[in-house]
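Spelled out, the chains give:
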Amino acid sequence: MASVAFEEGSSIVYSKAYAIRDKCQEQIAIWHAFADKHIDCHDESLGEMLWEPYYGHRLMRERAKMYKATNGFSDKGRAASDLGMIWGANANVVTSASWSLIYILSDENLTARLREEITPAFPDGIVNSVDMTKLNSCPLLQSVISEVLRLNIAVIINRVCTALIALEYLLT
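Below: a short report on this structure. (Residues numbered from 1 in each chain as written. Predicted model: local features only at pLDDT ≥ 70, side-chain atom pairs only at ≥ 80, totals over all residues. Heavy atoms only, no water.)

Notes on the packing of aromatic side chains
- A complete count under the given rule lists 3 aromatic pairs for this structure.
- Note on Phe34 and Tyr54: the rings are 5.8 Å apart at their centroids and 50° apart in plane angle, and the pair reads as tilted. A residue pair is termed long-range when its members are at least 10 positions apart, and Phe34 in helix α2 (residues 15–38) and Tyr54 in the loop between β1 (51–52) and β2 (56–57) qualify at 20 residues.
- By relative accessible area, which is 42% here, Phe34 ends up partly exposed.
- An angle of 15° between the planes, with centres 4.5 Å apart, marks the rings of Tyr67 and Phe73 as stacked.
- What makes Tyr67 buried here is its relative accessible area of 8%.
- Given a relative accessible area of 34%, Phe73 falls into the partly exposed group. (Phe/Tyr/Trp six-rings, centres within 6.5 Å; stacked < 30°, edge-to-face > 60°. Helix = DSSP H or I, 4+ residues; strand = E, 2+ residues; numbered from the N terminus. Buried < 20%, exposed > 50% of the residue type's maximum accessible area, 1.4 Å probe, protein only.)

This is the structure in structure tokens:
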């Protein structure tokens, strides 16, 4: 009973934050409806396509497919879940982008090699015309990103013990 009162009180005390969260959820629901209208996330021809213009990354398309297959999962629940995932995913974006730039720009040879490698992904020479398929297939760029994530980014990984382990030395 006290927790319910606290939750109701929280929305009053932090009404601006709750309103912003609710607005974000509404916008994500609008995006979901737009994407659902333009593309079928169950379409087998999309296969392993990493990026398309409606859901964006394949991860979001796969999440849509998963939620649609889950009975009782509302559009509002789907939007709330995706908001949480997007919020969490962005936690490392600034850090990883910063470290990537630091590593790239501190090595003239690496900078030149990366520029040469990614140039074909920008056919008009501007960012708005990026070919994501070409950009995602740049091995040097992928290795820089992988190394930045390996060396500089904190992630949460759930682990499950599949066998009993005796730690007798802790008991003596």
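Observations concerning a nonpolar patch on the surface
- A grouping of Trp99, Ile102, Tyr103 and Leu151 is seen on the molecular surface, where their side chains present a nonpolar patch of about 360 Å² in accessible area.
- By residue number, the principal contributor to the nonpolar patch is helix α5 (residues 93–105), which donates 3 residues.
- Turning to its location among the elements, Leu151 is positioned in helix α8 (residues 139–152).
- Judged by its relative accessible area of 49%, Leu151 is partly exposed. (Patch = residues over 30% accessible without salt bridge, like charges linked within 9 Å, V, L, I, M, F, W, Y side chains within 5 Å. Areas by Shrake-Rupley, 256 points an atom, 1.4 Å probe, with all protein chains shown as cover. Salt bridge = Lys/Arg side-chain N within 4 Å of Asp/Glu carboxyl O.)

With respect to the packing of helix α3 (residues 58–69) against helix α4 (residues 75–89)
- Running from N to C, α3 and α4 point in directions that differ by 150°, and their axes come no closer than 11 Å. In this view, α3 runs roughly antiparallel relative to α4, as classed from their interaxial angle. Where α3 crosses over α4, the handedness of that crossing is right-handed. Facing α3, whose interface residues are Leu59, Met60, Arg63, Ala64, Tyr67 and Lys68, α4 presents Arg78, Ser81, Asp82, Met85 and Ile86.
- Grouping the constituent residues of the contact of α3 with α4 by class yields 6 nonpolar, 1 polar and 4 charged. (Axes fitted to C-alpha atoms, helices over the stretch in contact; angles between N-to-C directions. Parallel < 35°, antiparallel > 145°, perpendicular 65-115°, else oblique. Left-handed = near helix turned anticlockwise from the far one by under 90°. Contact = heavy atoms within 4.5 Å. Nonpolar A, V, L, I, M, F, W, Y, C, P; charged D, E, K, R; others polar.)

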